[in-house]
Amino acid sequence: EAGVAQSPRYKIIEKRQSVAFWCNPISGHATLYWYQQILGQGPKLLIQFQNNGVVDDSQLPKDRFSAERLKGVDSTLKIQPAKLEDSAVYLCASSLTVSGNTIYFGEGSWLTVV
Amino acid sequence: AQTVTQSQPEMSVQEAETVTLSCTYDTSENNYYLFWYKQPPSRQMILVIRQEAYKQQNATENRFSVNFQKAAKSFSLKISDSQLGDTAMYFCAFMKLKDGSYQLTFGKGTKLSVIP
């Protein structure tokens, strides 16, 4: 079974530029998560989708971050314009909803804003 | 809101010895799940062990076991016969069902170093 796929793995951009990260969850997983993990901290939930609807985006900085999951499968997280403090690893994860609750993580997308 | 506290930023243990990582959480929920994840430098999150709150029996996975104290809201991880490959960040995490899907909240992590 294929795992959660993320791209790109690494990205370096200048502040005020934009960046987009892509995530393809495990096939059949209805729930998709985006986490932000700043160096030395635990992952923080940015947004959670159930199919193509948003369950929780309370910690998403909506003035610069956006995310979509149009067809209920893969998802894109965008940052525009980026700030230095956005340097982090962006982790995508997915899970089944009804029959299981183990959350599976991708390898992450490393963002450095200079 | 749920909070997860890991009070030990860093720990070290001699190879083959036993180490215990601490975790406490705060919730008003009665049904929830608790996890320990391992994160090596590659940043891949690897599930170590899970515990359902309704189960009284502590979970065990090979060299990893937990001490789950529901009343005290404590969930510690014991690693026996520590190996060099156990060196990593360890995160305690709390999960509950919200609006039809599961939501996972992490602590700040404990950096574990296994010394040869």
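Before reading further, recall that the structure is shown in the block above.
What counts and how
- Within every chain, residues take consecutive numbers counted from 1 along the sequence as written.
- Starting at A for chains and at 1 for ligands, labels are handed out in the order in which the entities are written.
- Per-residue local features of the predicted model are confined to residues with pLDDT of at least 70, and side-chain atom pairs are confined, for both listing and counting, to 80 or more; whole-chain, interface and lining totals are unaffected and use all residues.
- Calculation of side-chain values draws on the structure's entire complement of heavy atoms; hydrogens and water are dropped beforehand.
- Only DSSP runs of H or I covering at least 4 residues are called helices, and only runs of E covering at least 2 are called strands; the numbering of each starts at the N terminus.
- For the radius of gyration, the atoms used are the C-alpha atoms, and the globule rule reads 2.2 Å times the number of residues raised to 0.38.
- Exposure classes here rest on a 1.4 Å probe applied to the protein chains alone. A residue is buried below 20% of its type maximum, exposed above 50%, and partly exposed in between.
- By the convention used here, residues are in contact when the closest approach between their heavy atoms is within 4.5 Å.
- With residues, only the protein chains shown are counted as cover, and all accessible areas are computed by Shrake-Rupley using a 1.4 Å probe.
- Charged residues are defined here as Lys and Arg on the positive side and Asp and Glu on the negative side; His and the ends of the chain fall outside this count.
- Here the site of a charge means atom NZ of a Lys, CZ of an Arg, CG of an Asp or CD of a Glu.
- Buried surface area refers to the total accessible area, computed with a probe of radius 1.4 Å, that the two partners give up upon joining, counted for both partners together.
- What makes a salt bridge here is a side-chain nitrogen of Lys or Arg within 4 Å of a carboxyl oxygen of Asp or Glu, nothing more.
- Polar contact is the term for a pair of N or O atoms within 3.5 Å; when the atoms are in protein, one must be able to donate a hydrogen and the other to accept it, and sequence-neighboring residues count only if both atoms are side-chain atoms.
- Here the nonpolar group is Ala, Val, Leu, Ile, Met, Phe, Trp, Tyr, Cys and Pro; Asp, Glu, Lys and Arg are the charged ones; every other residue, Gly included, is treated as polar.
- Side-chain rings of Phe, Tyr and Trp, where Trp is taken by its six-membered ring, are said to pair if the distance between their centres is within 6.5 Å; with planes under 30 degrees apart they count as stacked, over 60 as edge-to-face, and otherwise as tilted.
- Throughout this description, the term charge over a ring refers to an Arg CZ or Lys NZ atom that lies within 6 Å of the ring centre and within 35 degrees of the ring normal.
- A pair of strands is considered paired only if DSSP assigns at least 2 bridges between the two.

> How do you make sense of the overall build of chain B when you look at a structure like this?
Along chain B, the regular secondary structure elements total zero helices and twelve strands. In chain B, the succession of helices and strands from N to C terminus is β-β-β-β-β-β-β-β-β-β-β-β. Expected size for 116 residues packed as a compact globule is a radius of gyration near 13 Å; at 14 Å, chain B falls within 12% of this value. Along the longest, intermediate and shortest principal axes, the C-alpha atoms of chain B span 45 × 30 × 20 Å. Per-residue burial over chain B gives 50% buried out of 116 residues. Sequence-distant contacts in chain B: of pairs separated by 6 or more residues, those separated by 24 or more amount to 54%. Accessible area of chain B: about 5700 Å², with a carbon and sulfur share of 46%. Averaged over its 12 positive side-chain charges, chain B has a centre that lies 6 Å from the centre of its 10 negative ones.

> Can you help me understand the interface of chain B and chain A in this one?
The parts lose accessible area when they come together, and the size of an interface is often stated as this lost area. Counting from both sides, the interface comprises 23 residues of chain B and, opposite them, 27 residues of chain A. Overall, the association of chain B and chain A removes approximately 2000 Å² of surface from exposure, summing both partners, and the carbon and sulfur fraction of that is 49%. Contact with chain A buries area across many residues of chain B, yet R43, Q44 and Y102 of chain B alone supply 32% of it, more than any other trio. Linking chain B with chain A are zero salt bridges, by the criterion used here. Remark: the boundary between chain B and chain A carries eight residue pairs in polar contact (both at pLDDT 80 or more). Listing elements by their share of the side of chain B that touches chain A, those giving two or more residues are β5 (33-39), β6 (46-52), β10 (88-98) and β11 (101-106) of chain B. In terms of residue count, β11 of chain B provides more of the side of chain B that touches chain A than any other element does, five residues in total. Looking at the side of chain B that touches chain A residue by residue, the classes come out as eleven nonpolar, seven polar and five charged.

> What is the right way to look at the packing of aromatic side chains in this model?
We describe a pair of aromatic rings using the distance from one ring centre to the other and the angle between the two ring planes. The full count for this structure, using the stated rule, is 16 aromatic pairs over all chains. Between Y35 of chain A and F106 of chain B the ring centres are 5.6 Å apart and the planes differ by 85°, which places this aromatic pair in the edge-to-face class. A residue pair is termed interchain when its members come from two chains, as with Y35 of chain A in strand β4 (residues 31-37) and F106 of chain B in strand β11. The same class applies to Y35 of chain A and to F106 of chain B, which are both buried. Over the ring of W110 of chain A we find R43 of chain B, and its NZ or CZ is 5.1 Å from the ring centre.

> Honestly, the pairing of strand β8 (residues 75-79) of chain A in this entry has me stumped. Any pointers?
Each regular strand carries side chains that alternate between the two faces of the sheet. All names here are of chain A. Of all the five residues making up β8, four are buried; the element is thus mostly covered by neighbouring parts of the structure. Where strand β3 (residues 19-24) meets β8, five bridges bridge the pair, whose relative direction is antiparallel. Looking at the pairing, V19 lines up with I79 of β8. Where strand β7 (residues 65-68) meets β8, four bridges bridge the pair, whose relative direction is antiparallel. Along β8, the bridge assignment pairs S66 with K78. Taken together, β7 and the strand that follows it, β8, pair antiparallel across an intervening segment of six residues, in which G72 is found at a positive phi of about 75°.

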